[in-house]
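For reference, the chains in residue letters:
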Amino acid sequence: QVQLVESGGGLVQAGGSLRLSCVASGSIFRFIAMGWYRQAPGKQRELVASITGGGITNHVDSVKGRFTISRDNAKNTVYLQMNSLKPEDTAVYYCHVLVTLGVNIWGQGTQVTVSS
């Protein structure tokens, strides 16, 4: 069973930066895709960014130009670099892995709080 450990969340002022990391317990090159989701209080969990096994990335419109997802296969790690943070980015951020079709693994979540 793959396990994910996230880190890098915290409190930052608007306009600041954070980098989230997600370390997988196994080799990530075999996964179909990895991604970051977020859930703000009272809202549904939403996709922020994803990266396929082939390195194709996708970022939702609200974070394009500010957030960047990347991966380091040698370190079994996926990153989310977040720049120009806004108060509306405040949420719990979850790492997600699509191991194979129908098999989804989630991390425990890391809190990101952006103060105005």
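Residues numbered from 1 in each chain as written. Predicted model: local features only at pLDDT ≥ 70, side-chain atom pairs only at ≥ 80, totals over all residues. Heavy atoms only, no water.

Moving on, we get to the pattern of salt bridges. By the definition in use, this model includes four salt bridges. Between Glu-46 and Arg-38 there is a salt bridge whose closest N-O contact spans 2.7 Å. The partner of Arg-38 in a salt bridge is Asp-89, and the shortest N-O contact between them spans 3.0 Å. One end of the pair, Arg-38, is in strand S4 (residues 33-39); the other, Asp-89, is in the loop between strand S8 (77-82) and strand S9 (91-100), with 51 residues separating them in the sequence. As far as burial versus exposure is concerned, Arg-38 and Asp-89 are alike and both buried. (Salt bridge = Lys/Arg side-chain N within 4 Å of Asp/Glu carboxyl O. Helix = DSSP H or I, 4+ residues; strand = E, 2+ residues; numbered from the N terminus. Buried < 20%, exposed > 50% of the residue type's maximum accessible area, 1.4 Å probe, protein only.)

With that settled, the discussion passes to the pairing of S9. In terms of burial, S9 is largely enclosed, as eight of its ten residues are buried. Pairing geometry for S4 and S9, over seven bridges, is antiparallel. By the bridge assignment, Arg-38 is partnered in S9 with Tyr-93. Sheet analysis places S9 next to strand S11 (residues 110-115), joined by three bridges and oriented antiparallel. Bridging across to S11, Ala-91 finds its partner in Val-112. Looking at chain direction, S9 and strand S10 (residues 103-106) are connected through four bridges and run antiparallel. Residue pairing in the sheet places Thr-100 in a bridge with Val-103 of S10. Here S9 folds back onto S10 in antiparallel fashion, the turn holding two residues, of which Gly-102 has a positive phi close to 85°. (Pairing = 2+ DSSP bridges.)

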